[in-house]
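Next come the chains, spelled out residue by residue.
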Amino acid sequence: MTSSYRAQITRRQGMLVRAALLLAFGLLLVFARPARSADELPSWNEGTARQSIVDFVSRATAEGGADFIPVAQRIAVFDNDGTLWAEQPMYFQLAFALDRVRALAPRHPEWKTQQPFKAVIEGDRKALAAAGEKGLLALVAATHSGMTTEEFTDTVTAWFDSARHPKTGRPYTRMVYQPMLELLDYLRENGFKTYIVSGGGVEFMRAFAEKLYGIPPEQVIGSMGGLTFSTRRGVPVLNKQAKPDFVDDGPGKPVGIQKFIGRRPVFAFGNSDGDLEMLQWTMSGAGLRFAGIVHHTDAEREWAYDRKSSIGKLDKALAAAQAWHWTVVDMKNDWNVVFPAGQ
């Protein structure tokens, strides 16, 4: 054996050793991640809520453990309004609809005498409130239909670029909850697929969900209006219709999950009675499960409301959480940060 040949063998052996070391180090990082991942929730204070999340993820990802959940079954669902971002003093989609009524009013002179449009144009909150759910649906129908899906997305995106929250002056997209953004990332880093399951309009949420939450449009489930196919100057388009097609709220949420996901979630987060059935559906499955509720208790940094609120009412779901020992996040005590820093 020549010295040159011996040198080649030595180099190959060295390369194999280095490759083996790199592989072992990579595997160590993969299997160690759940144990280190508590550091990935910096906006969560130490306490029962944070620990319950970390314990769940650690048990769910411990391969060979009794509670191990295969990656394909790691489905996590989140409500949007009041869970991933603020919902006071009104749902942000309603604020969008009101602004659109004002913007479109010059094209509709008949609105000056028609309620609830007249109330919006004149800023008459009492008359708007008196219009009730029927009036609000009329506003949504008028501002969310009669255009293509692409036109609607462009309109929503442009609104978010300029609209500001009436209390904080922040862009609406900066009214997201920093701890929940961290939780979404934490779950995805541990093999979970994250979905939005919300009563908000699906096309409205799809306009921002991927950029804001890292959740692609195909993983957004929401209330839907009808769609029709046509061609415009030879180009195929989908046209938004005023007639409701599916309401993704309350008992509609488990229906939407089955219809569009086809798997029962193992992890669910909400904040109101409208999320109760989704939480019940998640927890009624076999094996390790997690149900969480964001409880708005911080009047100084956000808002404090629950059982008597007309928006995001939390009554039956809170009682269920207490009875079944679900995780209730006390915003005031469990989060050291509410919104992302800066405007």
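**Points about the packing of aromatic side chains**
Aromatic rings in a pair are described by how distant their centres are and how their planes are angled relative to each other.
Consideration 1: Counted under the stated rule, the structure contains 26 aromatic pairs.
Consideration 2: With a centroid separation of 6.0 Å and an interplanar angle of 90°, the aromatic rings of F96 and F152 are classed as edge-to-face. Here F96, found in helix α3 (residues 92–104), pairs with F152, found in helix α7 (residues 149–162); they are 56 residues apart in sequence, far enough to count as distant.
Consideration 3: Judged by relative accessible area, which is 0%, F96 ranks as buried.
Consideration 4: Exposure remark for F152: the relative accessible area of 1% places this residue in the buried category.
Consideration 5: For R74, the ring lying beneath its charged end belongs to F192, and the centroid distance is 5.9 Å.
Consideration 6: Here the guanidinium or amino end of R264 rests over the ring plane of W281, the centre of that ring lying 3.6 Å away.

**As for a nonpolar patch on the surface**
Consideration 1: A cluster of nonpolar residues, L227, F229 and L238, forms a patch on the protein surface that exposes about 300 Å² of accessible area.
Consideration 2: Along the chain, L238 turns up in strand β4 (residues 235–246).

**A word on the sheet that holds strand β3 (residues 220–232)**
Consideration 1: Judged by pairing direction, the sheet is mixed, and its 7 strands sit side by side in the order β4-β3-β2-β1-β5-β6-β7 without closing on themselves. Since the sheet does not close on itself, it has two edges, and those belong to β4 and β7 (327–330), each with one partner. Within this sheet the neighbouring strands show an average axis-to-axis angle of 30°, counted without direction.
Consideration 2: Relative to β3, strand β2 (residues 193–201) runs parallel, the two being bridged by 3 bridges.

**Focus: the side chain of T61**
Consideration 1: Turning to its location among the elements, T61 is positioned in the loop between α2 (48–60) and β1 (75–78).
Consideration 2: The buried category is assigned to T61, whose relative accessible area is 14%.

Conventions we followed
- Residues numbered from 1 in each chain as written.
- Predicted model: local features only at pLDDT ≥ 70, side-chain atom pairs only at ≥ 80, totals over all residues.
- Heavy atoms only, no water.
- Phe/Tyr/Trp six-rings, centres within 6.5 Å; stacked < 30°, edge-to-face > 60°.
- Helix = DSSP H or I, 4+ residues; strand = E, 2+ residues; numbered from the N terminus.
- Buried < 20%, exposed > 50% of the residue type's maximum accessible area, 1.4 Å probe, protein only.
- Lys NZ or Arg CZ within 6 Å of the ring centre and 35° of its normal.
- Patch = residues over 30% accessible without salt bridge, like charges linked within 9 Å, V, L, I, M, F, W, Y side chains within 5 Å.
- Areas by Shrake-Rupley, 256 points an atom, 1.4 Å probe, with all protein chains shown as cover.
- Salt bridge = Lys/Arg side-chain N within 4 Å of Asp/Glu carboxyl O.
- Pairing = 2+ DSSP bridges.
- Axes fitted to C-alpha atoms, helices over the stretch in contact; angles between N-to-C directions.

That is the geometry; function is a separate question.
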